[in-house]
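Architecture at a glance
This is what each chain is made of:
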2 protein chains.
Amino acid sequence: MNAPIGIFDSGVGGLTVAREIMRQLPGESLVYFGDTARVPYGSKSKNTVCKYSRQIVNFLMTKQVKAIVIACNTASALAVGEIREAVEVPVIDVVEPGAHMAAASTKNKSIGILGTESTIKSGIYEKYLHQLDSEITVVSKACPLFVPLVEEGLLEDRVTEDIVGRYLHEMKEYEIDALVLGCTHYPLLRGVIGREVGEKVKLVNPAYETAKSLKELLREQEILAPPESPVQYEYYVSDGVEKFISFADSVLPCHVEKTTVVDIESY
Amino acid sequence: MNAPIGIFDSGVGGLTVAREIMRQLPGESLVYFGDTARVPYGSKSKNTVCKYSRQIVNFLMTKQVKAIVIACNTASALAVGEIREAVEVPVIDVVEPGAHMAAASTKNKSIGILGTESTIKSGIYEKYLHQLDSEITVVSKACPLFVPLVEEGLLEDRVTEDIVGRYLHEMKEYEIDALVLGCTHYPLLRGVIGREVGEKVKLVNPAYETAKSLKELLREQEILAPPESPVQYEYYVSDGVEKFISFADSVLPCHVEKTTVVDIESY
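The structure contained in this document is the topic of the report that follows. It should be emphasised that the depicted structure is a prediction, and the values quoted were computed from it without experimental measurement.

As a further point, take the relation of the copies chain B and chain A. Rotating chain B by 180° about the axis while translating it 0.0 Å along that axis superimposes it on chain A, leaving an RMSD of 0.0 Å. Here the symmetry operator amounts to a two-fold rotation axis. Of every C-alpha in chain B, the one belonging to R38 of chain B sits nearest the axis of rotation, 2.5 Å from it. The overlap is high: 100% of the interface residues of chain B also sit at the interface in chain A, so the same surface is used on both sides.

The next thing to look at is the packing of helix α1 (residues 15-24) of chain A against helix α11 (residues 241-251) of chain A. Residues and elements named next belong to chain A. It is the contact of α1 with α11, at a shortest axis distance of 10 Å, that shows an interaxial angle of 40°. Classified by the interaxial angle, the pair formed by α1 and α11 is oblique. For α1 against α11, the interelement crossing comes out right-handed. For the pair α1 and α11, the contacting residues are L15, T16 and R19 in the first and F244, F247, A248 and V251 in the second. Looking at the contact of α1 with α11 residue by residue, the class counts come to 5 nonpolar, 1 polar and 1 charged.

Relative to the elements of secondary structure, R84 of chain B occurs in helix α3 (residues 73-86). With residues up to four places along the chain from it excluded, the contact list for R84 of chain B reads V91, I92, D93 and E96 of chain B.

When you line up the elements, S105 of chain A lands in helix α4 (residues 95-105). Separated by 2.6 Å, the side chain of S105 of chain A and the backbone oxygen of M101 of chain A make a polar contact.

Right, let's talk about the interface of chain B and chain A for a bit. Contact residues are listed per partner, giving 31 residues for chain B and 31 residues for chain A. Contact between chain B and chain A buries roughly 2,400 Å² in total, counting both sides, with carbon and sulfur atoms accounting for 41%. For the pair chain B and chain A, the number of links is 12 salt bridges. Salt-bridge contacts for E265 of chain A lead to R38 of chain B; the nearest nitrogen and oxygen are separated by 2.9 Å. There are 22 residue pairs in polar contact (both at pLDDT 80 or more) connecting chain B and chain A. Going through the elements one at a time, α2 (46-61), α7 (146-151) and α8 (158-169) of chain B are the ones with two or more residues in the side of chain B that touches chain A. Of all the elements, α8 of chain B adds the most residues to the side of chain B that touches chain A, at 6 residues. In the side of chain B that touches chain A, the residues fall into 12 nonpolar, 6 polar and 13 charged.

Rules of the game
Residues numbered from 1 in each chain as written. Chains lettered and ligands numbered in written order. Predicted model: local features only at pLDDT ≥ 70, side-chain atom pairs only at ≥ 80, totals over all residues. Heavy atoms only, no water. Least-squares fit on C-alpha atoms with pLDDT ≥ 70 in both. Contact = heavy atoms within 4.5 Å. Axes fitted to C-alpha atoms, helices over the stretch in contact; angles between N-to-C directions. Helix = DSSP H or I, 4+ residues; strand = E, 2+ residues; numbered from the N terminus. Parallel < 35°, antiparallel > 145°, perpendicular 65-115°, else oblique. Left-handed = near helix turned anticlockwise from the far one by under 90°. Nonpolar A, V, L, I, M, F, W, Y, C, P; charged D, E, K, R; others polar. Polar contact = N/O pair within 3.5 Å; in protein donor to acceptor, adjacent residues only side chain to side chain. Buried area = accessible area lost by both parts, 1.4 Å probe. Salt bridge = Lys/Arg side-chain N within 4 Å of Asp/Glu carboxyl O.

Here it is in structure tokens:
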């Protein structure tokens, strides 16, 4: 089916999911929307995140997308149900594939979850993990300083090490052997986080798992793009085109030529 | 004049300005709006901050306010001109009073400014300071990690000391003797900042100066509340009532009983 896949995030972080989709599904066209005017979602209420997500999905549907990927953990945690009810195309979120991978990786049946305040409060990872295996112990921790640290470029820094140490301190008491990096920015801290928890803990990056799930879904529903159809990537944001392009160019394998500002509140 | 003063901020930080107004003008009623759904403004473009500010001012005008206080440095920096054009009531911002105080305090004619990315980029403090005295040297620095550190409660912490040290490092090369804490959250870090720059540097808190300017303005325009008129404080937010009340109770001298959510995008 020669229609694009719609993908959205509260800002730029979802581009890491877009990158994985470009890698694993190089024949598919994408329409990306980043809600850079209203970022971040991680500290917002369910009502507000649902409202913003619905507006974005309304916008994506005007682009005749054949599937929607919620590339934001917080929007996945709080709004996936509402979005599935609102549209007829298949919807993939980042939480479920991440939870599946974590459940498949753990031997100790003890899994750690790192995420934003709203993702952790939602209890969504616990819900999915306990549906998969009720005996799994889930230890979750909100890490509100991780996104600002990443955005300040402190990926390898003594301050980041200090903060990672504090957030993961309690987690060390449980013998977790899988740790979900449950926010699109967190994989950028995988170096520091990996050293803190040690080699025996598998770090789960939901972006990778999400692209895999999307590929399966498109195959099952027989809506993969026909071979050799032209591939197009379109980018839309609600604010700050230059900042977006500069981040996108550092993440994506191809240069972003054009990004369009959308008045998202009118959708 | 027995009408309330409208005051707004991108979130909860402006409550420190509201507190100063309550202290210095105990006879005045206030209507406070915190844009907690779209916080923070400090990384957003002028267009977006102007649009959000206009919506808020439209809302405040429905409350028949007699004056408007822009309690957010970023909105002051980017939107004060547009707001003054849009309404007929007097508008006070936090930047101008802060700049005046800094200019009055410096002997070396060297002033430091700390603020959000958008406030610093706007160059607004430089503009006001150079209008007051073209010989003043202004050294400004964006401090994007300060707000998240304050919101994580790390007011006195080795990580905060480390970050403060880095942001203020360059500033030490200039002999500044006044330093503007140009974001409503920053006065909460005055302990760490004060130790870093030393006793000889006067820390300017725009909240205090803004309340003083407001008092003068109400007197000049003869619109002070008549003595013994009833005082009412009303609070409105765009998201997260409970979080707002909990922060408000920690800042304000009186308990906040009721806060109402407003669909601000519809204004």
